[in-house]
Amino acid sequence: MKHNKRTIRIGTRPSPLALRQAIEIHELLKVHHADFSAETIAIDTVGDKDKKTPLTRVDGSDFFTREIDEALIGGDIDCAVHSAKDLPLHIPQGLTIAAITKGIDNRDALVIRGQRLPRNARIGTSSARRTAEITRIGKDFRAFDIRGTIGERLALLDANVIDGLIVASAAMIRLGLTKRIYRYLDITTSPLQGRLAILVRSDRSDSAARFAAIDDRKNWGTVALVGSGPGAGDLITVRGMRRLAEADVVFHDELGTGEVLNMFPEKQMIYVGKRGRRSSIAQEDIHRAMIDAAYAGKKTVRLKGGDPFIFGRGGEEIEALRSARVDYEIVPGITSALAAASYAEVPLTMRGHSSSVLFATGRSNEGINVPKPDAAGTLVYYMAVETTRTIGHDLVAAGWRGETPVAVVTNASMRTQNVSQGNLAELADGKMHADSPALIIIGTTAGMMPHEGWFARRKNILMTGTNPGRYAHLGEIIHTPLIELVDPASYRNLDAAIRRLDTYDHLIFTSAHAVDFLFRRLSSLGGDVRRCAHIEIASVGAVTAEALMRHGIKPDITPTRASAAGLIDVFTERHVRGKRILIPRSNLAYDELPRTLKRMGNHVDAVIAYRNRMPPHPRTIDLAGINAIIFTSPSCARNFLKVYRRIPSHMEIMVLGDTTKKAIGRHYGTITIIP
Ligand code: SAH
């Protein structure tokens, strides 16, 4: 890149460390622009002059940057160099960050006087974060708020005012003082510590370009804060799905994310949830983990139940991302109140009944919102299972009628959803029980739902085969595959059959998978469907026929009875004999069909086109709430029994054809054949 040879005026603070940082920028740039020349202009900031205000109170402000940035806006300097962690949260209008360097050592270090620390050591620090961690480093340490340049702080140490000092190791490295470091500390530091930031005027794109080479941000990934919806996997947005599909790493909560996560079994998933009171991971650590992933160049998804901005701490998380200068986006999700309303049939607003909605927390420590009585408003309380009585009581005390209808919706949108109906008086009396997670919906429309709503009427159907989409019209499909279709142990026989395709009169497909595997193999051997043009093609049933259509083939034969027996009937009726017949099939297929066709005087090649096996780690689910199971093949039924031992007696069984029906046996009462 070509720039005018002109001396760049770098503005920075007058401290020895700041001056050293300006030189560091200068040196970095010289590597990329041989003709680069710069001079450093030292500018005092309020932070350099006011040495009393504890730094514990200036986080995110422009305490150490204001005067320099003003000089930049005024045109007295061409760029400002700051410690990246000192940048104000909001960059002044008219300025922009041209670069954030890769930086050096992010750690904090402990410096002491002499060889060891005394008891109850006074440890000098200058940040709230370090103060908070101080007793973690040494149980008897006492924090001592100090200020000043590194030199001034070391002087306090040497003068016995303090016994130890926590400093950024980067500062010690830059000043050539690493020898004085006693040990490195394992405490959370500011994510940007050790990095330098360069600000330029937004209207000077030429100067921004000059710094592009040393800008580490081009190596960073982004963070998408994605709302996963209330729990049912298909209630996530299309945009949320896209972000998940692209992600390198996903940090997720527990509530509401399970079904969504199951759709991406191969992704790196890191659980950072903290349900209820059982806080396992500090919010700060979640922030840091996301930020570090982004700095490491990872496309990062932060997956949160419902919507990120409804009681989801999404606000805090983007504040952390903003101050770390990480690029982010927010993908909204269906908040559980909306799901509960739809799935329990409680309109949140309704002409003539409710003209407003309030989403409130039921957590008592955050102060429960108890609005004035409003016959035309709906209230929804989140996180309220422990305070149901208080809420009922407080609302009645505030003047709400005891008969105001209440609906408690547990596990909204999930198979285990439960809705109980009552009124405020009952809620106050503890007569309405709520299991976590639940929402309490209060208002006239909560009294209008049918006894059994649309969701309660739907069948929950477990599907253990492949292609679950095909059965969506039957009810809620819960798909946990118990079969897996893989390449045959050897392709020798199939390949030989494909090479002599022109010699066959009939091709019979007894499953959709046979269709897909045969044509995939044919294609990889360089052929296509035209090789079958002269062959009469039979399909065992509708699903297999659909698969053929996808390959551009209309089957000549599809028996009315979808089974091997049905096929045999057709071939018998037509007196097929003396023909060459190919049946590509699975390793588990029954022999009845080829045997019968042979007995009728045909030449039959039954070759293995794919293997059907149990997945190495089959996922199982709690069968409570499941009303029916679809078995699409005998192997599905067999594997189900291997995994679950028995089919619960209340379960309706649905199969695709006679073969599977027969395989399940006589033990089970209701077996329906899916049309
Ligand atoms: N961000 C989430 C809320 C997180 S707070 C959202 O937008 O939905 C956690 C609370 O949400 C729970 O205490 C419960 O009140 C509610 N919640 C979450 N999922 C729920 C579900 N499937 N059914 C009922 N309540 C749910």
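Note that the coordinates shown come from a computational prediction; the quantities given were computed from them, not determined experimentally.

### Looking at the packing of aromatic side chains
Turning to step 1, where the next piece is worked out: For the structure shown, the criterion picks out eleven aromatic pairs.
Turning to step 2, where the next piece is worked out: On the basis of an interplanar angle of 20° and a centroid distance of 5.2 Å, the ring pair of Phe 517 and Tyr 610 is categorised as stacked. Of the two residues, Phe 517 is situated in helix H17 (residues 512–524) and Tyr 610 in strand S27 (residues 603–613); the sequence distance between them amounts to 93 residues.
Turning to step 3, where the next piece is worked out: Its relative accessible area of 6% is what places Phe 517 among the buried residues.
Turning to step 4, where the next piece is worked out: According to the relative accessible area criterion, Tyr 610 is buried, its value standing at 5%.
Turning to step 5, where the next piece is worked out: Three or more aromatic residues joined by ring pairs make a cluster, and in this case those are Phe 311, Phe 359 and Tyr 382.
Turning to step 6, where the next piece is worked out: Sitting above the plane of the Phe 517 ring, Arg 520 keeps its charged end 4.7 Å from the centroid.
Turning to step 7, where the next piece is worked out: A cation over a ring is seen here: Arg 521 above Tyr 491, with NZ or CZ 3.8 Å from the ring centre.

### Regarding the packing of H17 against helix H18 (residues 542–550)
Turning to step 1, where the next piece is worked out: Two elements in contact, H17 and H18, have axes whose closest approach is 7 Å; the angle formed by their N-to-C orientations is 25°. In terms of their interaxial angle, H17 and H18 are classed as roughly parallel. Facing Ala 512, Val 515, Asp 516 and Phe 519 of H17, the residues of H18 in contact are Val 543, Thr 544, Ala 547, Leu 548 and Arg 550.
Turning to step 2, where the next piece is worked out: When grouped by side-chain class, the residues that make up the contact of H17 with H18 number six nonpolar, one polar and two charged.

### Overview of the environment of Arg 499
Turning to step 1, where the next piece is worked out: Position of Arg 499 relative to the elements: it lies in helix H16 (residues 492–499).
Turning to step 2, where the next piece is worked out: The exposure class assigned to Arg 499 is exposed, which follows from its relative accessible area of 59%.
Turning to step 3, where the next piece is worked out: Considered as a pair, Arg 499 and Thr 45 are 454 residues apart in the sequence and their alpha carbons are 82 Å apart.

Reading the values: rules and limits
Every chain begins its residue count from 1, and numbering advances along the sequence as written. The predicted nature of this model means local features are confined to residues of pLDDT at least 70 and side-chain atom pairs, given and counted, to a pLDDT of 80 or more, with totals for whole chains, interfaces and linings taken over all residues. Just so you know, side-chain values use all the structure's heavy atoms and leave hydrogens and water out. The aromatic pairing rule takes the rings of Phe, Tyr and Trp, using the six-membered ring of Trp, and pairs them if the centres are within 6.5 Å, calling planes under 30 degrees apart stacked, those over 60 edge-to-face and the rest tilted. Helix and strand definitions here come from DSSP, where helices need a minimum of 4 consecutive H or I residues and strands a minimum of 2 consecutive E residues; each element is numbered from the N-terminal end. For each residue, the accessible area found with a 1.4 Å probe, counting protein chains only, is set against the maximum for its type, and the residue is called buried under 20%, exposed over 50%, and partly exposed in between. Note on geometry: a ring has a charge over it if NZ (lysine) or CZ (arginine) is within 6 Å of the ring centre and within 35 degrees of the ring normal. Think of each axis as a best-fit line through the C-alpha atoms, taken over the contacting stretch in the case of a helix, with angles from 0 to 180 degrees between the N-to-C directions. Orientation is classified from the angle alone, with under 35 degrees giving roughly parallel, over 145 giving roughly antiparallel, 65 to 115 giving roughly perpendicular, and any other angle giving oblique. In what follows, a contact means two residues having at least one pair of non-hydrogen atoms within 4.5 Å. Side-chain classes are defined by residue name, with Ala, Val, Leu, Ile, Met, Phe, Trp, Tyr, Cys and Pro counting as nonpolar, Asp, Glu, Lys and Arg as charged, and the others, Gly among them, as polar.

Structural measurements only, silent on function.
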